[in-house]
Structures are given as C-alpha cells and as structure tokens.
Amino acid sequence: MSRFFRLYGKKRGHRMTGWWLAGRVGEAFWFAAICVLGVLSLSTMLVWQVLSPNTHAYGVGYGFWLLVLISSSFIGIGAVGFFYRVLSAAYSDEHRSALASKSIVEHGKSATNLISLPPMVPNLQPFTDSPGVRLAFRLPGNRPETRELVLGSLFVLAWNALTVFCSVLALGKLFSRQPDWFLILFILPLFFFIGFRVTRWFFLAFRRATGIGPTTIEIDDLPLTIGEMYRLNLVQYGRLVVKKLSIALVCEEVATYHFGTDTRTERQEVYRRPVLEQGRCRIDWGRPLELVCEFCLPDDAMHSFQSPHNAVAWKFVVEGEANRWPSYCRSFPVVVYPRGPKMNRRAALS
Amino acid sequence: MIQLLGFQPGYMPGDELVFQYKLVSIDPTAILAIEASVVWFTEGKGNEDLGVHFFQRLTREAITDRDFSQPQLISTLLPESPISYEGRLLKIRWCIRVRLYLNDGTDLVAQEPFYLGTVTKEL
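Residues numbered from 1 in each chain as written. Chains lettered and ligands numbered in written order. Predicted model: local features only at pLDDT ≥ 70, side-chain atom pairs only at ≥ 80, totals over all residues. Heavy atoms only, no water.

Section: the overall build of chain A
1) Next: The helix and strand tally for chain A stands at six helices and 14 strands.
2) Next: Looking at chain A as a whole, 36% of its 350 residues are labelled buried.
3) Next: Across chain A, contacts joining residues at least 24 apart in sequence account for 69% of those joining residues at least 6 apart.
4) Next: Here chain A displays about 21900 Å² of accessible surface, and carbon together with sulfur accounts for 63% of that area. (Helix = DSSP H or I, 4+ residues; strand = E, 2+ residues; numbered from the N terminus. Buried < 20%, exposed > 50% of the residue type's maximum accessible area, 1.4 Å probe, protein only. Contact = heavy atoms within 4.5 Å. Areas by Shrake-Rupley, 256 points an atom, 1.4 Å probe, with all protein chains shown as cover.)

Let's talk about the nonpolar core
1) Next: Counting residues in hydrophobic clusters, the biggest one holds 76 residues, and the most contacted among them are Trp-314 and Phe-316 of chain A together with Ile-34 of chain B.
2) Next: Take this core: its biggest share by element is seven residues, from strand β8 (residues 90-102) of chain B. (Core = buried A, V, L, I, M, F, W, Y, C linked by side-chain atoms within 4.5 Å.)

Brief notes about the pairing of strand β8 (residues 262-278) of chain A
All names here are of chain A.
1) Next: As paired strands, strand β7 (residues 240-259) and β8 are joined by 15 bridges and run antiparallel to one another. Its bridge partner being in β8, Val-254 is matched across the sheet by Arg-267.
2) Next: In textbook terms, the turn of a hairpin is the stretch between consecutive antiparallel strands, and for β7 and β8 this stretch comprises two residues, one of which, Gly-260, has a positive phi near 65 degrees. (Pairing = 2+ DSSP bridges.)

A few points about helix α3 (residues 93-101) of chain A
1) Next: Every buried residue of α3 of chain A is listed here: Glu-94, His-95, Ser-97 and Ala-98 of chain A. On an axial view of α3 of chain A, the arc spanned by its buried residues comes to 165 degrees, and they lie on one face.
2) Next: On its buried side, α3 of chain A packs onto β4 (31-44), β5 (50-59) and β8 of chain B. (Arc of directions from axis to C-beta.)

Side note on unusual backbone geometry
As a rule of thumb, non-glycine residues mostly have phi less than zero, and peptide bonds are mostly trans rather than cis.
1) Next: Cis peptide bonds are those with omega within 30 degrees of zero, and the linkage from Leu-222 of chain A to Pro-223 of chain A qualifies with -5 degrees.
2) Next: Mapped onto the elements, Pro-223 of chain A comes out in the loop between β4 (212-219) and β5 (224-225).
3) Next: Along the chain, Ser-81 of chain B connects to Pro-82 of chain B via a cis peptide bond; the corresponding omega equals -5 degrees.
4) Next: Mapped onto the elements, Pro-82 of chain B comes out in the loop between β6 (72-77) and β7 (85-86).
5) Next: One non-glycine residue, Met-120 of chain A, adopts positive backbone phi at about 60 degrees.
6) Next: Within the secondary structure layout, Met-120 of chain A lies in the loop between α3 and β3 (137-138).
7) Next: Although it is not a glycine, Arg-177 of chain A sits at a positive phi angle of roughly 60 degrees.

Let's talk about the interface of chain A and chain B
1) Next: Facing the 49 residues of chain A at the interface are 43 residues of chain B.
2) Next: The interface formed by chain A and chain B contains three salt bridges.
3) Next: Between Arg-99 of chain B and Glu-94 of chain A there is a salt bridge, and its shortest N-O distance comes to 3.0 Å.
4) Next: Those elements that provide at least two residues to the side of chain A that touches chain B are α3, β7, β8 and β12 (310-322) of chain A.
5) Next: Of the residues belonging to the side of chain A that touches chain B, the class tally is 25 nonpolar, 16 polar and eight charged. (Salt bridge = Lys/Arg side-chain N within 4 Å of Asp/Glu carboxyl O. Nonpolar A, V, L, I, M, F, W, Y, C, P; charged D, E, K, R; others polar.)

Pasting the structure below:
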C-alpha cells in the first residue's frame, strides 16, 4: 500500500518523489478550505450584524472591522492560491507561459511571428526621455548615495524630533517639581549623543554628495547595438582637483533566487572594457570637465536581457578620485539590443 | 522522437526553425493531448524563467485525425532574442519540447536543444 499512498515526499534535486498531482491537489484543497472559511466567517458576521445587531458579539468598531479585514484576507489568499494551484495542475509550464504571452498558435494555423521589438529586452523608454545638449540622449544616472542620503536624513529628523520631545517632557516634569531623574540622567544623554553622531554623519554625507558635482553622460544613439560604433560625452561638474577619472563599459549578470524564506539577488560582473581614462586636472564652477570618446560594442557580446528572476545588464561606470574627497563611483545603465533591422530600433524609440 | 531538419543545431535570429516529431511505441488512443513548443529557459543560480516562442496543443479530437507514426512537420521563425547564452550566474537555453498527456494522468516529455545566435559562451 505504501507504494500507492505515500504520506510524505523527498526532494531530489529539482524534483520531488511521489506523484506531483497529489501534492498540487492537496495544496488546492488547502487554499479552497481557507477561502471557504473566510467566506463563511465574513458572511456570518455581516448577516448577524444586519439581522440582529443587538446580540452581535462585536459591535461596529475596531474589533468588527478587524474581523472583516481578516476574513477578507482569508478569501483573497485562498482564492488566489486555489486558482494558481488549479492552473499549475491543469496546464503545463509552456501552456501557462503561452497563455500569459498570448502566443498560442491555434491548431491548423501557421505560426505567426509578428514581433516588432526584441523579446525579453528591457524597455527603452526610460533611457530616451532626456534629450542631450551635445549629443542625442542624456543617460539616466544611478547614484546609490542619494538613496542613502534621503533615508539617512529621514532617520536624523525622526531621531532629533524624538530627542526634542523627550527633552520637553523632562523639562515639563522638572518645572512641575516631579523630576524624572532616570530620564534626565540616562535616557536624554544617550539620545543627545546618538543625535549628535547621526547629525554629524548626515552633514558629512551631504557635503560629500554635493561637493563632488553631478556627472552627466550623453550618447549619440540609442539603443546600443552589438558591433556598432558610438560617441560618448562625459561632463563632470563641481569644484575639485581630479586625480583620476575613468569610464568603463560593464556587463553584469543578475540572478534572484529563494534561499529558504529569503529572496536574494546576486550580481556578477562578466565584462569590463575601459572606454576612457583621464589623468590629473582641475574642475571649477562654470568650467566643468568635458570629455568625448568613441567606443564599439564587441561582436560577441550578449544583448541586455530581463526576465522575472534573471538579467544581463549593461552600464557605463564612472569612477573618480579627487583631492580631499573620497573616491566615487557612478553608474549609467544602457540597453543593448541584439543585431537586428534598424526598423525595430526606431520602433522602440517611437 | 524529435528531429531538427537543419544540418547543424545552430540558428540565427530570424531563421526558420523546421523540425518534425513522431511517436514511436505509444498507442495513440492512450494519449489525451500533445503539446509541441519552442521554448527558452534559464539555468543557473537564479530561479528558472521560461518563455514560449511557439506553442501548439493538439487535443484528443485532433489526434485521432492524424497518423503520429508519420513525422509531424512544424516550422516557425525564430525571434531576435533572447539568444543562447552561457554566463557565470545565468545560462539561456533554447529547445523544442514535445509533451504527451496520457490517459492515466501522467505526462511524457521529450526535448531537443538547439542554439540561437553565436554567443554561447561567457564573454
């Protein structure tokens, strides 16, 4: 009997022992039960509330609405889970993917391939939004320190507001001759010390982020196509002495995977080609550093690729070292198209 | 059995992929449905992604009209992307997949890999 009824399965690499359909059906029943439970509890509460509000255990208030919310979430989770399990049991991976992409070829009809843009290549629209001053397009920059600065400033504001609130509270109690010595001697000094440190950190980070001026990159054509030559224009603003400035064309692979209950993303640089290097020079307000160069994408390069869990991403990386400033690194993502008719590239831009 | 009708299992984007499949040692009355597809899928560290370029499903009614001991010819134009790729974290593979659904609730899968494009190694 144990051949036919196995209570548990084992994971063997990517597959499970046992009959996969039994597991899917079991999961579908589980989610259906959750959905039914949600429907029953919600309908019971609503009907009871409408027909006999006096005998209802929860009057219309926080408790009632909390139960409505919990029951509704049961219905939602159960319905979505049930639908997904039934879909995965009834259809193969290919069929589901084809349904999603609406590319089913009906029986008796020939396959049609009316593809105007390369599939699985990132959308070009965000890259062509900004026209350039010197060349056709200005690339959007990615400065990780900006997000750090914004989040840091929010934390500094919240912490200092909390410190001020505690100080007012302590002063109020002190003036009313009921001093809270624990708050005054232990809590407030700790809050002031942390507040001082994070405020100092914030101003240093702000000075670092704004002291080295913005970097812009413009390019004469988009999207980039493998094997073609392009012109690039870099402008570095600010007031500093640059020891070294370099631009590199970088390709990296990005993989997102589940590790237990976590979702992790790993990046691996697979290609780096220096495009331009600049030695020591001085930059002043109103006299930015301007560099022009040409580059060509290698013939054997992989095009940009974006799927739900994997990606091949291209970008320009600007790395600089300046006197009295920490070294900095700014990246400018680009999209690389596979070789194809020019018409497709134009269609992407329109 | 799946057979590619090209000299090499390598194609360029825009090429016509012509293949045929036939059923050997399977009773056609035991088949519930047949799905023939041209798919790409990822392998590597990230979760697997799959995309379908061509998909054809034959139900029982359509199966009874055909003789599956004879090769079933299918052709499709290959897309521009994604091309086959072998990277460090990520690999993109293309294949022809034929899936048979049998009356007893099980399914049988046969697949034939091929290359799209010329970038099949990491850079």
